[in-house]
Amino acid sequence: MRIRAAVLRTSPVAKPYADTRPLSIETMELAPPQRDEVLVKIAAAGLCHSDLSVINGDRPRQTPMVLGHEASGVVAELGPGVTDLAVGDHVVMSFLPTCGLCPSCLEGRAQLCGPGQAANGAGTLLGGGRRLTCDDGTDAYHLCGVSGFGEYAVISRRSIVKIDKDIPFVDAALFGCAVMTGVGTVVNTCQVRPGQSVAVLGLGGVGLSAVLGAVAAGADRIVALDIAPQKLEIARSLGATDTFLATDPDVVERVREATGGGVDYAVEMVGSAAALETAYKITRRGGTTATGGLANPNARISLSPVHLVAEERSIKGSYMGSCVPPRDIPRYMSLYKRGRLPVDRLLSSTGPLEGINEAFDKLDRGEVVRHVIVY
């Protein structure tokens, strides 16, 4: 079938994207779903810094590629072997397909699925194939097995979670990355308990989702840090008890003083080595520093091994919020429906596919938390 999609032809691309147009809206050929695959009519797709990092070259990927890994939609066609979904079902996509059979999946750590990560690295679906072809005959790559910046997408069944039909598509899309990663880092990776203290560094969609997760987990002290004053205001409106400008040269001392020596858990969601070092410095003795931000692969941090030993400190990575998508997305949506995860408040704006380059400029400048493409 013929579809319109936003195609990245090369990377890195200079800013501003409104001028350089890294994403071209093209007509492509989308092959039908094969075994264990599903054709999804995309309804909404969020813009995320992970997409931006492919455009700016921080995370090199194969091109041409259709970006977009945070999306919701409607099942339009089932490939052979898919018997647990029906045409018309509403779904959310996970940005990592999980095979269910590898050692990581079998021990409940689907976020580390080996075949899923290999497929994402190769720019293919879980089964190894590609279904997108450009008008010049070139096969295009899939981002994270989703490629949600198109009108339709063929997606592995193992990337799809069925959802209730009463959840708006725009809100639902955010659960595929921002909510799953942010909330999951707090409740799965860190396992925050009521009464504990949490700091979140970086208040984009993922970071503010972590703030919501800390509130839902019953954290007593929730500290939010960012370079943008307006994002600190949003964090406070969502439940942060303390906010600090990350550009303050004395921010570490101020946070430690305000929290009596540091927080139990410091969560870095910037994707910056410097931010991770700051997170480590504001973590108390015996506490845990977690990072869900994807920094440039060449970035390095400098920490004292003595502190790790003498203060029994922990540093943890969190990929996909340590989530098992079919288990956790329904849980988080249940909290959303009960008003305990007001995900809709993360939405800054919506717009058509044609405005995607301008929207990425706004994301890069920190002017939006989440902009969602609607079809």
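What comes next concerns the included structure. (Residues numbered from 1 in each chain as written. Predicted model: local features only at pLDDT ≥ 70, side-chain atom pairs only at ≥ 80, totals over all residues. Heavy atoms only, no water.)

In this section: the overall build of the protein chain. Across its full length, the protein chain holds 12 helices and 18 strands. Taken against the 2.2 N^0.38 rule, which gives 21 Å for 375 residues, the C-alpha radius of gyration of the protein chain at 20 Å falls within 12% of a compact globule. Taking all 375 residues of the protein chain together, 55% fall into the buried category. Long-range contacts, defined as pairs at least 24 residues apart, comprise 70% of the intrachain contacts of the protein chain with a sequence gap of at least 6. When the accessible area of the protein chain is evaluated, it comes to approximately 14,700 Å², of which 50% is carbon and sulfur surface. Positive and negative side-chain charges of the protein chain, numbering 37 and 39 respectively, have mean locations separated by a distance of 5 Å. (Helix = DSSP H or I, 4+ residues; strand = E, 2+ residues; numbered from the N terminus. Rg over C-alpha atoms; globule rule 2.2 N^0.38 Å. Buried < 20%, exposed > 50% of the residue type's maximum accessible area, 1.4 Å probe, protein only. Contact = heavy atoms within 4.5 Å. Areas by Shrake-Rupley, 256 points an atom, 1.4 Å probe, with all protein chains shown as cover. Lys, Arg positive; Asp, Glu negative; His and termini not counted. Charge placed at Lys NZ, Arg CZ, Asp CG, Glu CD.)

Any two side chains of opposite charge can pair if their charged atoms end up close together. Taken as a whole and judged by the stated rule, the model has 22 salt bridges. With a shortest N-O distance of 3.5 Å, R9 and D136 are connected by a salt bridge. In this pair, R9 is assigned in the loop between β1 (2-8) and α1 (17-20) and D136 in the loop between β7 (132-133) and β8 (139-142), connecting sequence segments 127 residues apart. R9 sits in the partly exposed class, given a relative accessible area of 34%. The exposure class of D136 is exposed, given its relative accessible area of 52%. Across the salt bridge formed by D164 and K337, the nearest N and O atoms sit 2.9 Å from each other. Here K337 lies in helix α11 (residues 325-337) and D164 lies in the loop between β10 (160-163) and α5 (169-189), a separation of 173 residues in the sequence. Accessibility expressed as a relative area gives 43% for D164, which makes it partly exposed. One connected set of salt bridges, linked through shared partners, spans R2, E29 and D135. (Salt bridge = Lys/Arg side-chain N within 4 Å of Asp/Glu carboxyl O.)

Let us now look at the layout of surface pockets. Size it by volume and the largest pocket reaches roughly 1,000 Å³. Taken together, 49 residues line the largest pocket, and the ones lying closest to its centre are H49, G202, M269, V270 and G271. For the lining of the largest pocket, the element with the most residues is helix α2 (residues 49-55), which contributes 4 residues. There is about 210 Å³ of room inside the second largest pocket. Of all elements in the fold, only α5 and β16 (314-317) reach the threshold of two or more residues within the lining of the second largest pocket. (1 Å grid on protein atoms, 1.4 Å probe; cavity = no way out; pocket = protein on both sides within 12 Å on 5 of 7 lines; lining within 4 Å. Points joined across faces, edges and corners; volume = space filled by probe spheres on them.)

Our next topic: the sheet that holds strand β11 (residues 197-201). Read from one edge to the other, the open sheet built from 6 strands follows the order β13-β12-β11-β14-β15-β16, with strand pairing classed as parallel. A single partner strand is all that each edge strand has here, and the edge strands are β13 (242-245) and β16. Taken pair by pair, the neighbouring strands of this sheet meet at an average axis angle of 20°, ignoring direction. With 5 bridges joining them, β11 and strand β12 (residues 221-226) adopt parallel strand pairing. Each bridged residue has a counterpart across the sheet, and for S197 the counterpart in β12 is R221. The sheet contacts of helix α9 (residues 273-281) involve β11, β14 (263-268), β15 (283-291) and β16, and relative to β15 the element is tilted by about 155°. (Pairing = 2+ DSSP bridges. Axes fitted to C-alpha atoms, helices over the stretch in contact; angles between N-to-C directions.)

Below, the discussion takes up the environment of K316. Among the secondary structure elements, K316 is positioned in strand β16. K316 sits in the partly exposed class, given a relative accessible area of 36%. Once the C-alpha coordinates of K316 and C190 are considered, the two residues, 126 residues apart in sequence, prove to be 8.3 Å apart. Discounting chain neighbours no more than four positions away, the residues touching K316 are T189, T288, T289, A290 and T291.

What follows is about empty space enclosed by the protein. It is the rolling of a water-molecule-sized probe over the atoms that shows where space remains empty. Taken as a whole, this structure holds 1 cavity of 30 Å³ or more when the rule is applied. For the largest cavity, the calculated volume is near 40 Å³. Along its surface, the largest cavity is lined by I3, A5, V66, L132, H142, V146, S147, G150, Y152, A153 and V154. Looking at the lining of the largest cavity, the elements that each hand over two or more residues are β1 and β9 (152-156). At 3 residues, the largest contribution of residues to the lining of the largest cavity is made by β9.

Where α5 contacts α11, the two axes come as close as 10 Å, and the packing angle between them is 100°. As far as their axial angle goes, α11 and α5 are roughly perpendicular. Residue-level inspection shows D171, A172, F175, V179, M180, V183, G184, V187 and N188 of α5 in contact with α11, the latter providing P325, R327, D328, I329, Y332, M333 and Y336. Within the contact of α5 with α11, the residues separate by chemical class into 11 nonpolar, 2 polar and 3 charged. (Parallel < 35°, antiparallel > 145°, perpendicular 65-115°, else oblique. Nonpolar A, V, L, I, M, F, W, Y, C, P; charged D, E, K, R; others polar.)

Applying the stated criterion to the full structure yields 0 disulfides. Counting only cysteine sulfurs, C323 is the nearest neighbor of C190, a cysteine outside any disulfide, at a range of 12 Å. The buried category is assigned to C190, whose relative accessible area is 6%. (Disulfide = S-S within 2.5 Å.)

This brings us to helix α12 (residues 356-364). When α12 is considered as a whole, its buried residues turn out to be I356, N357, A359, F360, D361 and L363. In this structure, the buried residues of α12 make contact with β1, α1, β2 (23-30), α2 and β18 (370-374).

Our focus in this paragraph is the pairing of β8. Judged from the 2 bridges that link them, strand β4 (residues 65-66) and β8 form a sheet pairing that is parallel. Among the inter-strand pairings, M65 is bridged to a residue of β8, identified as Y141. Bridge count for β7 against β8 is 2 bridges, and the pairing is antiparallel. Within β8, the residue paired with T133 across the bridge is D139. Here β7 folds back onto β8, and the loop between the two strands holds 5 residues, one of which, G137, carries a positive phi near 90°.

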